[in-house]
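Residues per chain are reported as follows:
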Amino acid sequence: MRVVRTVAELRGGLAGPRSAGSVVGLVPTMGAFHDGHLSLIRRARRECEVVVVSLFVNPTQFNEAADLAAYPRDERRDAALAAEAGVDYLFTPPVAEVYPTGFATTVSVAGLSETLEGAHRGRGHFDAVATVVTKLLNMVAPDIAYFGQKDVQQALVIKQLVRDLDLPARVEVCPTVREPDGLAMSSRNALLSESDRVQAAALPRALRAAVRAVRSGERDPAAIRSQAMSELTSSGVRPEYFELVSPDTLSPVARIDGEVLAVVAARVGAVRLIDNETIDPLLARPAAGDGGEHSEQEKLECIARC
Ligand code: AMP
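## What to know about the pattern of salt bridges
Right, on to step 1. Scanning the entire structure with this criterion turns up 17 salt bridges.
Right, on to step 2. The closest approach of N and O atoms between Glu-64 and Arg-267, which form a salt bridge, is 3.0 Å. Within this pair, whereas Glu-64 is found in the loop between strand 3 (50-55) and helix 3 (65-70), its partner Arg-267 is found in strand 8 (residues 260-268), the two being separated by 203 residues in sequence.
Right, on to step 3. Judged by its relative accessible area of 32%, Glu-64 is partly exposed.
Right, on to step 4. For Arg-267, a relative accessible area of 36% gives the class partly exposed.
Right, on to step 5. Between Glu-231 and Arg-205 there is a salt bridge; the shortest N-O distance is 3.2 Å. Of this pair, Glu-231 sits in helix 11 (residues 221-234) while Arg-205 is found in helix 10 (residues 202-215), placing the two residues 26 residues apart along the sequence.

Encoded structure:
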């Protein structure tokens, strides 16, 4: 594995394999790798001849200075995990390589960027994500780029910008990898105290409550939401939002008459957590760590699937 820090070095390395027709895959990350990241990397490894992982903690997408300062960073550990997973290039540019003096362009995806996370973190969050991902897609020029369902709104924003800007990459969205109690893996989980960690498990429980309500025939979003909310409030979690929305537009649904996305965001201790679950009223399938427990084997199978 080569660790590269400049666009010129990266393009130089990729020119040969690309002209030989190799499929190039990109996994954009902000580092502090966990099994969620590794599931994306493993899938890219299976589907692509050349795998590039970018590791860039994008300062512009943090709406709180304290969140950026506390964001976990461990490049040495990440590099070891990436090498072990068979990554070809770990692209870790310094901030000045991505935003040189005089940088003045913003990519902004209307509509999708304005709701849920956009409404709570501020519109600038997704503008910053859209801008940095557009730049990464132009720097690496991958055939396939891999993102996680965990950040579903981000994935939708990126799909939209790839379509709108005619970027020649295919976007693949991989399933959320969870801890045994259902908590979605996240680099920020490392910042949870022991008691916060117990409270955090209320988020996947709330999503499971919504799935159960739909499976038992409930079709009224308000009734489903109130069952989910009682899981949260009984654990002392006051969410910023818990909504049932369209999986395509993220608009609230008036009634469940097809696939719906349950989305939740909550601050637990000093950490802001997000999670989501797609609910198909016609399908009975495990959701958000259904049953509360995943065996080690089930977890590995879940990781292997992506
Ligand atoms: P991040 O480093 O948090 O920006 O995440 C990098 C990529 O990994 C994004 O596409 C995320 O959606 C994805 N990701 C983060 N957590 C998970 C998870 N638990 N399961 C699957 N993908 C994830």
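Now that the structure has been shown, we can carry on.
## Some words on the sheet that holds strand 8
Right, on to step 1. The sheet built from three strands is open, its strands ordered 7-8-9 with antiparallel pairing. Edge positions in the open sheet fall to strand 7 (239-245) and strand 9 (271-279), since each of these has one partner strand only. Pairwise comparison of adjacent strand axes, ignoring direction, gives a mean angle of 10° for this sheet.
Right, on to step 2. Relative to strand 9, strand 8 runs antiparallel, the two being bridged by nine bridges. Paired with Val-260 across the strands is Ile-279, a residue of strand 9.
Right, on to step 3. Packed on one face of the sheet, helix 10 meets strand 7, strand 8 and strand 9 and runs near 20° to strand 9.

## What to know about the domain arrangement of the protein
Right, on to step 1. Once the domains are mapped, the protein shows domain 1 (2-174) and domain 2 (187-304).
Right, on to step 2. Here the C-alpha centre of domain 2 lies 26 Å away from the C-alpha centre of domain 1.
Right, on to step 3. Contacts between the two partners involve 26 residues from domain 1 and, on the opposite side, 22 residues from domain 2.
Right, on to step 4. Of all residues in domain 1, the largest losses of buried area upon contact with domain 2 belong to Leu-116, Glu-117 and His-120, amounting jointly to 27% of the total for that side.
Right, on to step 5. Our count for the domain 1 to domain 2 interface comes out at three salt bridges.
Right, on to step 6. Here domain 1 is connected to domain 2 by eight residue pairs in polar contact (both at pLDDT 80 or more).
Right, on to step 7. Within the residue set of the side of domain 1 that touches domain 2, elements represented by two or more residues are helix 2 (35-47), helix 3, helix 6 (117-121) and helix 8 (152-164).
Right, on to step 8. With five residues, the top contributor of residues to the side of domain 1 that touches domain 2 is helix 2.

Definitions and limits used
Residues numbered from 1 in each chain as written. Predicted model: local features only at pLDDT ≥ 70, side-chain atom pairs only at ≥ 80, totals over all residues. Heavy atoms only, no water. Salt bridge = Lys/Arg side-chain N within 4 Å of Asp/Glu carboxyl O. Helix = DSSP H or I, 4+ residues; strand = E, 2+ residues; numbered from the N terminus. Buried < 20%, exposed > 50% of the residue type's maximum accessible area, 1.4 Å probe, protein only. Pairing = 2+ DSSP bridges. Axes fitted to C-alpha atoms, helices over the stretch in contact; angles between N-to-C directions. Contact = heavy atoms within 4.5 Å. Domains from an automatic or database assignment. Buried area = accessible area lost by both parts, 1.4 Å probe. Polar contact = N/O pair within 3.5 Å; in protein donor to acceptor, adjacent residues only side chain to side chain.

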